[in-house]
Every structure is written in structure tokens, then in C-alpha cells.
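Coordinates in review
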Amino acid sequence: MAIESIKMPQLGESVTEGTIEKWLVKPGDHVEKYDSLAEVNTDKVTAEVPSSFTGTIKEIIVQEGQTVAVGEVVCTIETEGGGSEAQPEAVPAKEEPANEMPAEGSQKPKSPIKKEKGAAAGRYSPAVLRLSQDHDINLSDVDGSGRDGRITRKDIQAIIDSGQKPQPKSVTAETPAQPEVQQSAPVQAQPAQGAANVPVAPGDIEIPVTGVRRAIANNMLKSKHEAPHAWTMIEVDVTEMVKYRDSLKKDFKQKEGFNLTYFAFFVKAVSQALKEFPMMNSMWAGDKIVQKKDINISIAVATEDALYVPVIPQADEKTIKGIGREITELAGKVRSGKLKSSEMQGGTFTVNNTGSFGSVQSMGIINHPQAAILQVESIVKRPVVMDNGMIAVRDMVNLCLSLDHRVLDGLVAGNFLARVKEILENVSSDTTSVY
């Protein structure tokens with residue numbers, strides 16, 4: 001018998017720490033090598049930590065909700081053999097290079113200043129930045145205990161617990177003096193946006209922010225700060241589509257085992273229109289725009305306290321039935337907690353079924369780094385003036401498009417929406433097959 005350690009894995013090149021979101025095992029449980037032990041959340045991905053060994057869980061060292069640096073031990077396992085094995089890495093899907101790559105031809109400036117405690121000393125994780133800003137701690141005055149002098153969340157928490165802020169470091173000969181105006185009026189660290197002190201009265205409920213909720217917040221904030229959002233809406237008459245789907249739904253459910261939803265028709269129409277307007281399937285990459293070859297549709301699925309965006313890959317190559325099956329399976333995985341991080345990667349365009357909540361008009365935030373998101377609103381019956389001047393009750397739906405104006409202009413967005421409208425208004429038993 002031997003006691004082996006499971007460490008926090010490296011979940012991406014620029015990731016330095018992770019939060020244990022949920023333990024999938026407890027002390028005394030028997031696990032096989034590669035079994036999932038815990039769900040881990042970072043500012044980039046959610047992934048599962050696999051077991052490196054076959055054996056019995058001995059001790060849970062890092063509790064749920066706790067954030068630790070990459071390489072720190074999170075639990076121990078009593079193995080059945082005496083030898084140690086290399087720990088498998090929990091590898092999420094590859095990060096988009098647009099987020100990390102400098103502009104073409106650009107270089108990082110060479111600094112004449114001697115680096116302090118290695119290259120990592122000046123880079124801070126989101127958790128470190130958030131804590132330091134919330135407690136007005138100047139990070140340049142903190143000595144990091146992490147790898148290459150990196151400041152960790154534990155370093156900041158220790159300062160907070162002590163109640164003593166670190167003393168400003170003296171300026172050395174190797175550090176250039178700051179301009180006099182800055183010396184006389186130093187800029188103090190400000191609390192993060194939305195992090196102001198909120199008075200808590202008796203009866204108020206304080207809800208801790210989970211790793212998933214924080215990741216959602218960070219991604220939405222990044223999208224709104226970076227992408228200049230524009231918005232447009234189009235009205236679509238889907239009366240014939242509704243009739244066609246309603247005529248099929250009972251037999252379809254008996255034959256296929258899942259519901260044929262309206263949403264599958266919308267996703268199919270969008271994926272078809274994206275083939276004809278590929279610029280809509282693009283991303284901003286700083287010095288260039290990347291037009292994606294594959295049409296991978298992200299769909300939004302909500303739980304009680306979080307929003308997940310799983311992906312239907314190559315949606316343009318799938319039938320309405322195939323898309324409907326994937327929607328059902330992905331939604332089921334989200335709600336049962338079985339969705340993998342790899343199933344949320346690679347999306348190129350998002351379609352959000354806001355109509356399921358009764359919404360008739362909304363402005364979506366773009367799913368970074370995509371260039372657009374389409375909100376499918378509720379199908380409602382309304383009186384409509386027809387071409388012959390008669391008034392008829394029709395099934396109408398609003399399609400609301402938010403777009404990144406760096407990538408897309410009104411002309412291509414308008415033509416794309418018009419094509420989606422044309423496809424949907426011509427869905428019927430005479431023109432469309434779900435198979």
C-alpha cells in the first residue's frame with residue numbers, strides 16, 4: 001500500500017489556479033484510474049479532475065468552493081500497488097488563440113528593469129486581483145509565495161486575515177523613479193466594478209458567488225467591454241411551420257423517443273443561413289477577422305443558478321431530427337450535471353431560446369469571442385394584415401440579433417435575418433422533411 005497525491009491540474013496555458021466546485025467522491029470510496037474525482041472551475045473552463053491511480057480515497061484536502069494554485073495537493077489516495085504513476089492531465093478544449101496572441105508583427109517590449117522573483121511575479125490571477133481590489137491591497141507591495149514569485153490567493157487572504165497591509169517597498173537603484181506628480185498623488189486601488197460594500201440588513205440573504213456564476217459574469221463583462229454591441233429585430237410569420245410541427249409531434253415522439261420542438265426548426269434555419277452568409281460565422285482576432293469554416297451552434301441552457309452554453313457541432317450537416325436529438329441530450333446533461341467542458345467548446349454562433357420563458361423581445365449579450373447571438377422569442381398569435389388586405393390570426397415570432405459591430409455591419413446582418421425569415425416562412429409539409 002502507498003499513499004499518493006492528486007494535484008490541481010494545469011487547465012490551460014495561462015491558468016494558474018482553480019476552484020473545487022464539487023467533489024464527486026468521498027473518503028473511503030474506491031476509484032479506478034481515470035475515474036473523475038472532482039469538478040474544477042477556472043476563469044476559462046470547467047473540467048473534471050481524473051484519478052491518477054486505482055485505490056481508495058484517503059483524505060479530501062481542498063474543500064468545495066476553495067481556490068488553490070496549480071500543483072497543490074487536493075486529495076490523497078491509498079493505492080493498491082506500491083509504485084507511483086504519472087498523473088493524467090485534465091485537458092479542456094484548446095483555448096481560442098485570439099485571446100492570447102499579440103497583434104501580427106508586434107513584440108513584447110524588453111524591459112531594462114531586473115525581474116523580481118521570476119517572470120510570473122507581475123501576472124495576477126482574477127481571484128488575486130479581485131481580493132486585492134476589494135480590500136485595497138497594493139499588489140506591488142506583496143511578496144508572492146507561488147511558483148516564480150507569483151502572488152497567490154492564499155497570500156492575499158493571509159494579509160486580509162492579519163489586518164495589516166504590507167508596507168510599501170523602497171525604490172531600488174534598478175527601479176526607475178515615478179514622475180513627481182504620481183509621487184505626490186498615488187493612485188489607490190479601487191474596488192472592482194459592482195464590488196461596492198452593500199449594507200446587509202436583518203433578513204437579507206447573502207448568496208456566495210459560485211465559480212460557475214463568476215465565470216459567467218467574467219465572460220459577459222468581457223463581451224460588453226470589448227465588443228461594440230448593435231441590435232436589430234425582424235418579425236417572422238411561422239404559421240405554416242407551427243402547423244407542420246404540430247401535425248408531426250405525436251407520432252415523432254412515439255417513434256423517436258423525444259419531443260420535436262420548434263427550437264430545432266429555428267436552429268436548422270440559422271445554420272442554413274450561416275452557410276449562405278459565412279461572415280456571420282466570424283470572430284474578431286485583433287489584427288484580423290477569423291471566418292470559421294465549421295458551423296457550430298451554441299445553445300443556452302439554464303439551471304436554477306447558472307447558464308451553460310453547450311455546442312451542436314456541424315449543425316448545418318444535421319437534419320431537424322438530428323438537431324432536435326442533440327438539443328434534448330445536451331439539455332439533459334446540463335440539468336443532470338453530466339455536461340463535459342469539451343461539449344461547451346468550439347461554438348461559432350449562439351441561438352438562445354428566450355421564448356421558452358414567454359419573452360417577446362430581448363437584447364442578448366454576445367457569447368465572446370463570437371460575433372453574434374440570435375434570440376428566438378415566443379411564438380404568439382396576432383391579427384395580421386395580409387397581402388389581400390384581409391386580417392387573419394397568424395403565428396408570429398420576433399428574432400432579435402445582437403452583433404459585434406467590429407466584425408459585422410447592418411447590411412450583412414439584415415440580409416442574414418431576411419434569409420432566416422424566408423426559410424422559416426417556407427417550412428411546410430410540402431417543402432420540408434425533418435429526416
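Residues numbered from 1 in each chain as written. Predicted model: local features only at pLDDT ≥ 70, side-chain atom pairs only at ≥ 80, totals over all residues. Heavy atoms only, no water.

Going by this rule: UniProt positions are given in the numbering used here, feature names are shortened, and annotations may be inferred rather than shown by experiment.
In the nomenclature of an unreviewed UniProt entry, the protein chain is known as Dihydrolipoamide acetyltransferase component of pyruvate dehydrogenase complex of Sporosarcina aquimarina. Annotation of the protein chain in UniProt includes, under Cofactor (unreviewed entry), the sentence "(R)-lipoate". Under the UniProt heading Sequence similarities (unreviewed entry), the note attached to the protein chain is "Belongs to the 2-oxoacid dehydrogenase family."

Description of the sheet that holds strand S1 (residues 2-7)
Test applied: Strand pairing is defined by DSSP finding a minimum of two bridges between the two strands. A run of H or I in DSSP counts as a helix once it spans at least four residues, and a run of E counts as a strand once it spans at least two, with each numbered from the N terminus.
Overall, antiparallel pairing links the four strands, which are arranged S1-S8-S6-S3 in an open sheet. At either margin of the open sheet sits one strand with a lone partner, and together these are S1 and strand S3 (30-31).

Things to note about helix H8 (residues 410-425)
The condition that has to hold: Expected helix span is computed as 1.5 Å times (number of residues minus one). To sort residues, take the accessible area from a 1.4 Å probe on protein chains only and compare it with the maximum for the residue type: under 20% means buried, over 50% means exposed, and anything in between is partly exposed. The directions considered for the arc are those from the helix axis to the C-beta atoms.
For H8, which comprises 16 residues, the first-to-last C-alpha distance of 22 Å matches the rise-based estimate of 22 Å (1.5 Å per residue) to within 8%. For H8, the set of buried residues is Ala413, Phe416, Leu417, Arg419, Val420, Ile423 and Leu424. Here the buried residues of H8 occupy an arc of 160° about the axis, which is enough to place them on one side. The exposed residues of H8 that point more than 90 degrees off its buried face are Gly410 and Leu411.

With respect to unusual backbone geometry
A cis amide bond links histidine 368 to the next residue, proline 369, at an omega of 5°. One can find proline 369 in the loop between strand S16 (349-352) and strand S17 (372-376). With a phi angle near 80°, tyrosine 34 is a residue other than glycine that sits in the positive phi range. Along the chain, tyrosine 34 turns up in the loop between S3 and strand S4 (36-41). The class for tyrosine 34 is exposed, based on a relative accessible area of 53%. In this structure, glutamine 314 takes a positive phi of about 45° despite not being glycine. Along the polypeptide, glutamine 314 turns up in the loop between strand S15 (311-312) and helix H7 (320-336).

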